[in-house]
Amino acid sequence: MCKVISVGIQKGGVGKSTASSIVAYHLKERGFRVLCVDMDGQGNFTQLLTGEDDLYEFRGSTIYNALKDENASSHILKIDDKLHLVAGDEYINTLTPSFHKELKGNYHHVLSKALEPVKNEYDYIIVDTPPALGEISIISLSASDYVLIMFETSKFCYNSLKSYLETINAVQSKVNPNLEILGVLRNMIDVRRTDNKYFSDKVKEEFGDLCFDSIIKRTAAVGRIPALGLSNNSEYRKVMKTYKNFLKEFDNRVIRRRTRKERKN
Ligand SMILES: Nc1ncnc2c1ncn2[C@@H]1O[C@H](COP(=O)(O)OP(=O)(O)O)[C@@H](O)[C@H]1O
Ligand SMILES: [Mg+2]
């Protein structure tokens with residue numbers, strides 16, 4: 001059964017789109033069929049995966065159309081055999097007034113409806129979300145089995161965590177009881193900065209096991225992904241070095257847990 005994983009927090013520049021792409025590539029390399037869904041109007045996930053900077057190239061067959069049709073099936077772009085994408089669209093935010101008007105405020109399930117017809121074709125769907133706590137983040141969480149919370153080890157990101165968790169809670173209790181927090185991933189640690197270490201330790205102390213043990217360092221290779229992409233083999237290997245320990249934990253939390261559950265049923 002397909003699992004949907006949202007990557008989020010309402011803060012920008014903390015590594016959500018980067019982590020979404022790395023996780024998607026990792027799952028693909030492990031032989032899984034992966035659909036990437038770009039819910040952020042900035043389209044960085046789309047740009048990272050396709051190398052195309054101009055979102056206009058995808059116009060007419062994007063997440064905007066998938067949500068409007070409540071069916072993603074004719075809006076999927078094949079990056080390769082195992083990695084597919086519903087491209088981002090800067091007009092996504094113009095849809096929310098029509099959700100209210102046409103769906104009478106009952107818009108929460110619009111992404112899960114759009115994904116339903118294609119879910120059987122994938123093992124994982126990775127949803128990159130915008131840096132805001134608005135409707136687009138809520139419909140992403142409403143369609144998800146898991147949320148990976150990206151935490152940049154800074155004061156402002158620490159301040160955002162509380163309201164993000166409250167939003168997750170509200171979605172769990174009102175719309176999607178299946179939503180689970182996959183974990184909090186501490187990202188972009190600069191080893192020379194004491195404030196980074198302070199907020200990293202503070203979050204680990206507060207969240208305990210919910211926080212991944214591994215920490216993603218700020219590295220040149222990961223920073224170069226927007227310029228060089230992930231399909232270049234030597235760059236890919238360098239990036240994966242930074243993400244290696246986290247991806248092991250990710251596999252334990254997602255793939256192994258899933259195999260155990262499926263064996264039980
Ligand atoms: N571990 C890292 N090391 C160095 N640079 C990073 C790392 N993770 C992300 N970045 C860079 O930080 C910037 C913001 O990342 P991005 O994934 O776009 O964040 P978000 O999606 O949260 O806005 C990008 O320029 C990206 O290349
Ligand atoms: Mg982003």
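See the structure above.
Quantities reported herein were computed from a predicted structural model and do not represent experimental measurements. (Residues numbered from 1 in each chain as written. Chains lettered and ligands numbered in written order. Predicted model: local features only at pLDDT ≥ 70, side-chain atom pairs only at ≥ 80, totals over all residues.)

Caption draft 1: View of the environment of Gln42. Checked against the element boundaries, Gln42 lands in the loop between β2 (34-38) and α2 (44-50). According to the C-beta neighbour criterion, Gln42 is partly exposed, with 17 such atoms within 10 Å. As a C-alpha pair, Gln42 and Leu55 span 13 residues in sequence and 8.7 Å in three-dimensional space. (Helix = DSSP H or I, 4+ residues; strand = E, 2+ residues; numbered from the N terminus. Buried ≥ 20, exposed ≤ 12 C-beta atoms within 10 Å, placed from the backbone.)

Caption draft 2: The site of ligand 1, seen in detail. Around ligand 1, the surrounding shell holds 18 residues, and the nearest of these are Gly15, Lys16, Ser17, Thr18 and Gly223. In terms of residue count, the dominant contributor to the shell around ligand 1 is helix α1 (residues 16-29) (three residues). Partitioning the shell around ligand 1 into residue classes produces seven nonpolar, nine polar and two charged. (Near = placed C-beta within 6 Å. Nonpolar A, V, L, I, M, F, W, Y, C, P; charged D, E, K, R; others polar.)

Caption draft 3: Spatial organisation of the pairing of strand β1 (residues 3-8). When you tally the buried positions in β1, you get six out of six residues, the bulk of the element. Going residue by residue along β1, you find Lys3, Ile5 and Val7 tucked away on one face and Val4, Ser6 and Gly8 tucked away on the opposite face as well. Of the strand pairs in this sheet, β1 and strand β5 (residues 124-128) are connected by five bridges, and their pairing is parallel. Paired with Val7 across the two strands is Asp128, which belongs to β5. In terms of strand pairing, β1 meets strand β6 (residues 146-152) through four bridges, oriented parallel. For Gly8, the partnering residue across the bridge sits in β6 and is Ile149. (Pairing = 2+ DSSP bridges.)

Caption draft 4: Layout of unusual backbone geometry. Non-glycine residue Glu70 carries a positive phi angle of around 55 degrees. Counting through the fold element by element, Glu70 comes out in the loop between α3 (63-69) and β3 (77-78). Located in the positive-phi region is Met188, a residue other than glycine, with phi close to 60 degrees. Among the secondary structure elements, Met188 is positioned in strand β7 (residues 180-189).

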